[in-house]
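Examining the three-dimensional arrangement
Residue-level listing of the chains:
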Amino acid sequence: MAAPAAKAPEQRMRSSVSGAAPSGAAGGTGPGNLQPSGTHRYIKGTTIEKPPNYEGDAIIAIAKHPMNLLLIFQPLGIVSYYLDWGASYVFWFNFFAMIPLAKILGDATEELAASLKNDMLAGLLNATFGNAVEMVITVQTLRAGLFDVVKATLLGSVLSNTLLVLGMSFLCGGLWTFKERREEAPGKGEDGRMQPLQPGSDVFGDNGTGSMEAMADAFNVEEKIQSFSVLGALVNTSMLLISCMSFSLITVFRCVTHTDDAEETYRYTEDILLPVSRISSMIIMMAYVAYIFFQLVTHKEAMSTEGEDDGGEDEGSHLSVVKSTCLLFLTTGIVAFSSDLMVDAIEGVTEKAKLSEHFIGIILLPIVGNACEHAAAVRFAMQDKLGLSVSIAVGSSTQIALFAVPFSVIAGWVMRRPMDLNFGALNTSVMTVSVIVVLSMVVDGQSNWLQGYLLMAAYIVIAICYWHLPNELPEID
């Protein structure tokens, strides 16, 4: 289970950006074999394996996470809505309640994938429903007719993952090195059962232990360069560029054919822009299907974890299919209800507070679905598992751009809402330039703290721009 101590540092640091571990690692099956194998968990929105659960029973491990303390805001959000405390209270209470709910929903998806005991189905399930919270918020926002908020939220999810999360991972991973004390890691006891982690066995692990003294000891900036697999990073960023090209073409198409006549604009939207957006969305979704097929079938071994020896079967406790499905549906229902209350309060918040719909969508709402994954990405980077961090950041962005965005257009079509792929000149420019910047950072498969700082600086500049951006923007001729 533990990696050999003599493994070279650069080899230990190399890990895949995306993909499940070869089935052969689980015992006996070949790399391309799609037969049922051991139990594996996958990081949200990706097909890369998550470390095993050593926290005891799975439902207990989910329930005792410190982030669940924020669930106190769930009843407060409901009470504030029905007692009419005001839009600000309703929005912020439900905003904070959605953070642990998103964590539980992601855990339920992982547990269901693990209980299937089939790498192919597990990877497909997690790659498809890994960003379920974003899709639920998208549907609720479409119902409210807040199309600009929908577009801003989807764009903000891509920006927060590619700039903020990846930047923080590069920065913290380049400055600190926390090593898991594998000699104290859990092993099998005399009864053959996995033993839980001992407190303090991981100075910066899931158990949240750590100290300022440990932080100071782990601080290291002397020529530290981390490495990760280039293939997965380039595949994901290439897919992001394809999505950027699609959005840019639709936006330019809208600008070129723009008319000032209100009746002509309505007819143009119904007869030209919406059909073009819907057909383009179906093509983009087919590109995502091809990406999943590439990742899980034809190039599974090439996209699998490199330089890691702990990618075997997860021997930790996990929920059954029935329990994980019940938890998944229950949490989805609560998320849908809370997001409905939160979306209804957005207009009131923008009127009373100095927050624009663009800032709420670009900066705030992406925090809801990704806060826990953001922390996990930084933790993995500080443990010299940068490949996991990059897979979380870039892989999740790919899923948003190639699946969630076209899903919003198709969902709007079904709901008879005029959702299109015209993201506006500013949004498409910001997204395209950001993806190009990220591509320049990951193309060599190495990172340092300066690259992380630059990515975070770019994200802060974007946040400042959207803070001052008014709700109503003029059309560009």
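Residues numbered from 1 in each chain as written. Predicted model: local features only at pLDDT ≥ 70, side-chain atom pairs only at ≥ 80, totals over all residues. Heavy atoms only, no water.

With respect to the helices, strands and loops of the structure, Ser-277 is situated in helix α10 (residues 262-298). We classify Ser-277 as buried; its relative accessible area is 0%. There is a polar contact of 3.1 Å between the side chain of Ser-277 and the backbone nitrogen of Leu-421. Beyond its immediate sequence surroundings of up to four residues, Ser-277 is in contact with Ile-250, Val-409, Asp-420 and Leu-421. (Helix = DSSP H or I, 4+ residues; strand = E, 2+ residues; numbered from the N terminus. Buried < 20%, exposed > 50% of the residue type's maximum accessible area, 1.4 Å probe, protein only. Polar contact = N/O pair within 3.5 Å; in protein donor to acceptor, adjacent residues only side chain to side chain. Contact = heavy atoms within 4.5 Å.)

Inspection of every chain in the model, using the stated rule, returns 17 aromatic pairs. When the centroid spacing of 5.4 Å and the interplanar angle of 75° are considered together, the rings of Trp-92 and Phe-95 count as edge-to-face. Pair noted here: Trp-92 and Phe-95 are both in helix α4 (residues 87-115), with a separation of three residues, about one helical turn. Among the residues examined, Trp-92 registers a relative accessible area of 30% and is labelled partly exposed. Joined through ring pairs, the aromatic side chains of Phe-73, Trp-85, Tyr-89, Phe-91, Trp-92, Phe-93, Phe-95 and Phe-96 make up one cluster. It is Arg-379 that lies over the ring of Phe-380; its NZ or CZ is 5.1 Å from the centre. (Phe/Tyr/Trp six-rings, centres within 6.5 Å; stacked < 30°, edge-to-face > 60°. Lys NZ or Arg CZ within 6 Å of the ring centre and 35° of its normal.)

Turning next to the packing of helix α6 (residues 132-143) against helix α7 (residues 147-175). Running from N to C, α6 and α7 cross one another at 165°; their axes reach a closest spacing of 8 Å. With respect to α7, the axis of α6 lies roughly antiparallel. The two elements α6 and α7 cross, and the hand of that crossing is right-handed. Between α6 and α7, the contacting residues are Glu-134, Thr-138, Thr-141 and Leu-142 on the first element and Phe-147, Val-149, Val-150, Leu-154 and Ser-157 on the second. Among the residues making up the contact of α6 with α7, the classes are represented as five nonpolar, three polar and one charged. (Axes fitted to C-alpha atoms, helices over the stretch in contact; angles between N-to-C directions. Parallel < 35°, antiparallel > 145°, perpendicular 65-115°, else oblique. Left-handed = near helix turned anticlockwise from the far one by under 90°. Nonpolar A, V, L, I, M, F, W, Y, C, P; charged D, E, K, R; others polar.)

With respect to the element layout, Val-276 can be found in helix α10. The spacing of Val-276 and Asp-420 is 144 residues in sequence and 8.5 Å in space, taken between C-alpha atoms.

Let's shift gears to the pattern of salt bridges. Following the criterion strictly, the structure yields three salt bridges and no others. A salt bridge links Lys-103 to Asp-107; the nearest nitrogen and oxygen atoms lie 2.3 Å apart. With a gap of four residues between them, Lys-103 and Asp-107 both fall in helix α4, about one helical turn apart. Each member of the pair Lys-103 and Asp-107 is classed as buried. Salt-bridge contacts for Lys-224 lead to Asp-384; the nearest nitrogen and oxygen are separated by 3.4 Å. Of this pair, Lys-224 sits in the loop between α8 (212-218) and β1 (226-227) while Asp-384 is found in the loop between α13 (357-382) and α14 (386-414), placing the two residues 160 residues apart along the sequence. Across this residue pair, the class does not change: Lys-224 and Asp-384 are buried. (Salt bridge = Lys/Arg side-chain N within 4 Å of Asp/Glu carboxyl O.)

Over its 29 residues, α4 runs 41 Å from end to end, which matches the ideal 42 Å to within 8%, given 1.5 Å per residue. When you tally the buried positions in α4, you get 25 out of 29 residues, the bulk of the element. Note on α4: the residue one or two positions beyond its end, Lys-117, has a positive phi of about 55°. (Expected span 1.5 Å × (residues − 1).)

Glancing now at the confidence of the model for the chain. Of the residues in the chain, 69% reach a pLDDT of 70 or more, and the chain-wide mean stands at 76. Contacts for the low-pLDDT stretch residues 181-210, under 50 throughout, to residues beyond four places or in other chains number 49 contacts. Note on residues 306-314: pLDDT under 50 across the span, and 34 contacts to partners over four residues away in sequence or across chains. (pLDDT = per-residue confidence, 0-100.)

Along the chain, Pro-470 turns up in the segment after α16 (449-467). Considered as a pair, Pro-470 and Leu-355 are 115 residues apart in the sequence and their alpha carbons are 9.1 Å apart.

Okay, the nonpolar core next. Formed by 101 residues in total, the largest nonpolar core has its most connected members in Phe-91, Leu-159, Leu-166, Phe-170, Ile-360, Leu-421 and Val-442. Per-element accounting of this core gives the leading share, 14 residues, to α14. Setting aside its immediate chain neighbours within four residues, Leu-166 contacts Asn-161, Val-390, Ala-393, Val-394, Val-438, Val-442 and Leu-455. (Core = buried A, V, L, I, M, F, W, Y, C linked by side-chain atoms within 4.5 Å.)

What follows concerns unusual backbone geometry. Positioned with a positive phi, Asp-84 is a non-glycine residue whose angle comes to about 60°. Structurally, Asp-84 can be placed in the loop between α3 (73-82) and α4. By relative accessible area, which is 65% here, Asp-84 ends up exposed. Phi is positive for Asp-384, which is not a glycine, with a value near 60°. Residue Asp-384 is classed as buried on the basis of its relative accessible area, which comes to 7%.

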